[in-house]
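Take a look at the letters that make up each chain.
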Amino acid sequence: MLAMEYRGPYRVRTVEKPMPKILHPEDAIVRVTRTCICGSDLHLYHGMVPDTRVGSTFGHEFVGVVEEVGPLVQKLKVGDQVLVPFNIACGKCNFCKQGLFGNCHESNPMATAVGGIFGYSHTAGGYDGGQAEYVRVPYADVGPTVIPPDMDPDDAVLLTDVVPTGYQAAEMGGIKQGDTVVIFGAGPIGIMAARCAWFFGPSRVIIIDHVDYRLEFARNYAYCEAYNFKEMDDPVVFLKKTTDWYGADVCIDCVGCEAEGNTLQTFSGRIAMMQAGAGTALQWAINSVKKGGIVSIVGVYGPPFNLIPIGNVLNKGITIRANQASVKRLLPKLIEHVQQGRLNPRGLITHKVPLEEVADAYRLFSSKLDNCIKTVLIPSTKA
């Protein structure tokens, strides 16, 4: 089969790989019909995530058709069209029972934090991802969800990560009626977080980024205010001023370890790698939120530490909430939002690229060429 292969930072190719096999009686094999490149895949592509091994196949956002099931799989059958959450979750451990599917204790037993994730380095279990024609899906009775017959597959593929992560980012913010919400990052997750924030009744939703075409897209898609931090002397002062010097009620970090905007953070976190990525967006979020406010984090940072103003967290009485999205918990609600027309996930997709052209697709997305917001890869075996 054809699959994307990682060859080192900024080097990916499409190669022939062996077909995946059933390795456990609860596995399924899925023929991929659509798979995405995620902003967090770029952290792998840029060499920012520890233990990303040459030969790995990325991809944690995919939908497809069930081709084979293990003998203990009861909820899926061959021919089902499924969307597969990026979390690999057993459904039985203490954390899965709490709905914390992103923290499954069984799918990534060598870790003390994150559960298993498709195609996201050996720190997340070392599973091959879905940027391929076929993929092995463990715990097939837990994660995969049959796609409703009336749902566009372009909507379905974004329900594997982008929509639930954006929604949970807003949910963790504890947004109340009349709040001001500030979101750092106008990538797909940040834009979706802005769109979903409106479900909770804020009076203002603001996005901060530095790429003009993404800011314009955010204004049109998420109906929010959008500002370029490169046009400000200090984003924190700007946000304090626009909130009567109180600060925002909720700040959401949708950027993570490759944030721009601070020379020290960029050098120490992205060039010298003295910390686990540049903590610029998180620093701005902590300093921009009001006293007693909430900071929600869905931007990806690697172990072990980052330079952040923890003293301000204490002295301002800030609540920090963060996690990988628990996709399975959120899917029923989000499927309803899509079916009722309250969300339009496929509106984020700007580019569709054949899987064979994966190197060009990564360069397009990474370099922000051709006004790219979200890229979908289409395997040649698509339905």
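None of the values given here were measured: they were computed from a predicted structure.

## Digging into the environment of Gly-129
Okay, step 1: Mapped onto the fold, Gly-129 is located in the loop between strand 7 (116-117) and strand 8 (134-137).
Okay, step 2: Classification of Gly-129 by relative accessible area gives buried; the value is 3%.
Okay, step 3: For the pair Gly-129 and Phe-118, spaced 11 residues apart in sequence, the C-alpha to C-alpha distance is 4.6 Å.
Okay, step 4: Gly-129 has contacts with Thr-57, Phe-58, Gly-59, Phe-118, Gly-119 and Val-135, leaving out every residue within four places of it along the chain.

## Considerations on the packing of aromatic side chains
Okay, step 1: Counted by the stated rule, this structure contains 11 aromatic pairs.
Okay, step 2: With 6.3 Å between their ring centres and 45° between their planes, Tyr-167 and Phe-199 make a pair best called tilted. Pair noted here: Tyr-167 is in helix 4 (residues 162-172) and Phe-199 is in the loop between helix 5 (188-197) and strand 11 (204-209), with a separation of 32 residues, a long-range link.
Okay, step 3: For Tyr-167, a relative accessible area of 5% translates into the label buried.

## Regarding helix 11 (residues 327-339)
Okay, step 1: The terminal C-alpha atoms of helix 11 lie 17 Å apart, and with 13 residues this matches the ideal 18 Å at 1.5 Å per residue to within 8%.
Okay, step 2: Of all the bends in helix 11, the greatest, near 35°, is centred on Lys-333.
Okay, step 3: What helix 11 keeps buried is the set Val-327, Leu-330, Leu-331, Leu-334, Ile-335, His-337 and Val-338.
Okay, step 4: Against the buried residues of helix 11 lie strand 5 (81-84), strand 6 (87-88), strand 9 (145-146), helix 3 (153-158) and helix 4.
Okay, step 5: Phi for Gly-341, located one or two positions after helix 11, is positive at around 80°.

## Concerning the packing of helix 5 against helix 6 (residues 212-222)
Okay, step 1: Across the interface, helix 5 lies against helix 6 with an axial gap of 9 Å and an inter-helix angle of 25°. Here helix 5 lies roughly parallel to helix 6, going by the angle between them. Crossing of helix 5 over helix 6 shows right-handed handedness. Facing Ile-191, Met-192, Ala-194 and Arg-195 of helix 5, the residues of helix 6 in contact are Arg-214, Phe-217, Ala-218, Tyr-221 and Ala-222.
Okay, step 2: For the contact of helix 5 with helix 6, a count of residues per class yields 7 nonpolar, no polar and 2 charged.

## A word on the pairing of strand 11
Okay, step 1: Buried residues dominate strand 11, accounting for 5 of its 6 residues.
Okay, step 2: By the bridge criterion, 5 bridges tie strand 10 (residues 180-184) to strand 11 in an arrangement that is parallel. Along strand 11, the bridge assignment pairs Val-182 with Ile-206.
Okay, step 3: After leaving strand 10, the chain enters helix 5 and then returns to the sheet as strand 11, a path that is right-handed.
Okay, step 4: Bridge count for strand 11 against strand 12 (residues 225-228) is 4 bridges, and the pairing is parallel. Of the residues in strand 12, the one forming a bridge with Ile-207 is Ala-226.
Okay, step 5: Taking the sense of rotation as the criterion, the β-α-β connection linking strand 11, helix 6 and strand 12 turns out right-handed.

About the thresholds
Residues numbered from 1 in each chain as written. Predicted model: local features only at pLDDT ≥ 70, side-chain atom pairs only at ≥ 80, totals over all residues. Heavy atoms only, no water. Helix = DSSP H or I, 4+ residues; strand = E, 2+ residues; numbered from the N terminus. Buried < 20%, exposed > 50% of the residue type's maximum accessible area, 1.4 Å probe, protein only. Contact = heavy atoms within 4.5 Å. Phe/Tyr/Trp six-rings, centres within 6.5 Å; stacked < 30°, edge-to-face > 60°. Expected span 1.5 Å × (residues − 1). Bend = angle between axes of the 7 residues up to and from the residue. Axes fitted to C-alpha atoms, helices over the stretch in contact; angles between N-to-C directions. Parallel < 35°, antiparallel > 145°, perpendicular 65-115°, else oblique. Left-handed = near helix turned anticlockwise from the far one by under 90°. Nonpolar A, V, L, I, M, F, W, Y, C, P; charged D, E, K, R; others polar. Pairing = 2+ DSSP bridges. Right-handed = clockwise from strand over helix to strand, strands pointing away.

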